[in-house]
Amino acid sequence: MRPIVLAAMGGTLATLLIPSAHAQSGTTALTAQLDQVCAGAAPSSALASRCAVVLASTDPAARANAANMNDLEEIPGAGRGAAKDQWPSREEVSALLTPKLALFASADHSRSFRSNDTIEAAFDADSTTFTVGIDWHPGTKWQLGLTLNHTRDNQQFRGSLGRTEATSTGAIAVASWDANDHFVLNGYAGRFQGSQDIRRVVGFIDGSAPVAETASPGLRRTLGGVAVDGSFPHGALEWRSSMGLDVARTAISGYVENGGSGFDLNVPQRAILTERGRLDLALARTFSERWGVWQPELRVGLIHEFGNDAHIGSVRFVEDLSGTVVKFDTGAPDRDWAQATFTSTMTLPHGNSGFFTIGREFGHSTATATQFAIGWRIEL
């Protein structure tokens, strides 16, 4: 939320000191409870020293400014970044399934940003995933696949020096069954494990140098989904459709910050559950060339989020012996948005094929994202 300077006006200050019946930001919550936190500060601790400066200030906005410089809005933002959508990795696996035993590899990169609001901090983020896998056609109607995946995420908060970096590694199993000439039932399940490196930079009202608070909590993610895909060829054109549900649970271990600013936080474990229904419609065309087959596809999808409800977050200050719990709201998710992608698939002689995909999300109230993916497959 930084930087802001709060007006020293009675009405404004009173509004900040009294918790609202509506969604409450971390800054508002800490402003209201700062006296309670300071009353429990361990004698001669860094927290006691910081509190003494705030409580002795003649500025009526000193508490609000001190709370604002703690950037508690970054905590739900870090959780939202960790719970990113797995798209387009799922579509990559589906595109690479083959009637024969094959090896494949792909890489996808996405960039996203979230604009600022009073509940969650704005950020710019990027994510890169590397995938290698194998797929197999064991019977007339069945296809099976297994991928190994490594992901690196970077999240830089705007308006502060705070950031979150994460790495995770996991596997996704994929299966599909041809119901008939037009419809395919497919599903996937996966698990990832990794860690976050978190930096929250705390500022002080006396103008002393900011202090970086750091922590490295563990990160665990399980995901799965099912879908029914339809295909309706008409000459060289092919209409495609898909309806499915994607579920993911992202858990971030509790952690204690290190930095010695006096405002070191103890953050409990939290989990984010997303449940996303989707409906896609695509049009593809097949071009037969001397060098092979080229198939471009344009796809538009509608997404609805059933889960990921807004909830109450909480933190404690390490040097507060009274253990005052500062509670604040997280933001509500967008319930509906859209995705548009263009995919180009090329099938070459000797069992080689490749693809690239570019895509963008639309309709978010505070965020957007773009994706690019490329992959190659070799039949064995």
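Draft legend 1. Region of the structure containing the sheet that holds strand S9 (residues 255–256). Sheet architecture is open: four strands sit in the order S9-S10-S14-S15, paired in antiparallel fashion. Looking at the sheet topology across the chains shown, the edges are occupied by S9 and strand S15 (326–329). In this structure, strand S14 (residues 312–317) lies alongside S15, joined through four bridges in antiparallel fashion. Within the sheet, the bridge partner assigned to Gly 313 lies in S15 and is Phe 328. On top of the sheet, helix H2 (residues 26–39) reaches S14 and S15; it is set at about 170° to S15, its chief contact.

Draft legend 2. Structural view of unusual backbone geometry. Here Ser 44, not a glycine, exhibits a phi torsion of approximately 65°, which is positive. By the element assignment, Ser 44 lies in the loop between H2 and helix H3 (46–56). Since its relative accessible area comes to 77%, Ser 44 is described here as exposed. The phi torsion at Asp 71 lies on the positive side, around 50°, for a residue other than glycine. Position of Asp 71 among the secondary structure elements: in the loop between helix H4 (62–68) and helix H5 (74–82).

Draft legend 3. Looking closely at the state of the cysteines. In total, this model carries one disulfide according to the counting rule given. Across a sulfur-sulfur distance of 2.1 Å, Cys 38 and Cys 51 are joined as a disulfide pair. Measuring the twist about the S-S bond at about -80°, one finds the Cys 38-Cys 51 disulfide to be left-handed. Within this pair, whereas Cys 38 is found in helix H2, its partner Cys 51 is found in helix H3, the two being separated by 13 residues in sequence. Take Cys 51: its relative accessible area is 3%, and that puts it in the buried class.

Draft legend 4. Quick look at the environment of Ser 57. Take Ser 57: it is sitting in the loop between H3 and H4. On the basis of relative accessible area, Ser 57 is assigned to the partly exposed category, the value being 28%.

Draft legend 5. Looking closely at H3. For H3, the full list of buried residues reads Leu 47, Cys 51 and Val 54. Mapping the buried residues of H3 onto a view down its axis gives an arc of 60°, with all of them on the same face. Residues of H3 that are buried make contact with H2, H4 and S14.

Draft legend 6. Inspection of the pattern of salt bridges at higher detail. By the definition in use, this model includes 14 salt bridges. Across the salt bridge formed by Arg 278 and Asp 280, the nearest N and O atoms sit 2.8 Å from each other. Taking the relative accessible area as the measure of exposure, Asp 280 reaches 6% and is therefore buried. Taken together, the shared-partner salt bridges connect Glu 238, Arg 240, Asp 246, Arg 278, Asp 280, Glu 297 and Arg 299 into one network.

Draft legend 7. How the structure looks around the nonpolar core. Counting 27 residues, the largest nonpolar core has Leu 30, Leu 47, Leu 72, Leu 265, Val 315, Phe 317 and Val 326 as its most contacted members. The element contributing the most residues to this core is H2, with five residues. Each residue touching Val 315, except ones within four places of it in the same chain, is listed here: Leu 72, Ile 75, Leu 265, Asn 266, Val 267, Thr 324, Val 325, Val 326 and Phe 328. Among the nonpolar cores identified, the runner-up in size contains six residues, and Ile 172, Tyr 188, Phe 192 and Ala 248 belong to it.

Draft legend 8. Structural view of the pairing of strand S1 (residues 102–114). Taken together, the 13 bridges between S1 and strand S2 (residues 123–136) define a ladder with antiparallel strand orientation. Opposite Asp 108, over in S2, you have Thr 129 as the bridge partner. Here S1 runs beside strand S18 (residues 367–379); their pairing, made up of 13 bridges, is antiparallel. Bridge pairing in S18 places Ser 110 opposite Gln 371.

What counts as what
- Residues numbered from 1 in each chain as written.
- Predicted model: local features only at pLDDT ≥ 70, side-chain atom pairs only at ≥ 80, totals over all residues.
- Heavy atoms only, no water.
- Pairing = 2+ DSSP bridges.
- Helix = DSSP H or I, 4+ residues; strand = E, 2+ residues; numbered from the N terminus.
- Contact = heavy atoms within 4.5 Å.
- Axes fitted to C-alpha atoms, helices over the stretch in contact; angles between N-to-C directions.
- Buried < 20%, exposed > 50% of the residue type's maximum accessible area, 1.4 Å probe, protein only.
- Disulfide = S-S within 2.5 Å.
- Arc of directions from axis to C-beta.
- Salt bridge = Lys/Arg side-chain N within 4 Å of Asp/Glu carboxyl O.
- Core = buried A, V, L, I, M, F, W, Y, C linked by side-chain atoms within 4.5 Å.

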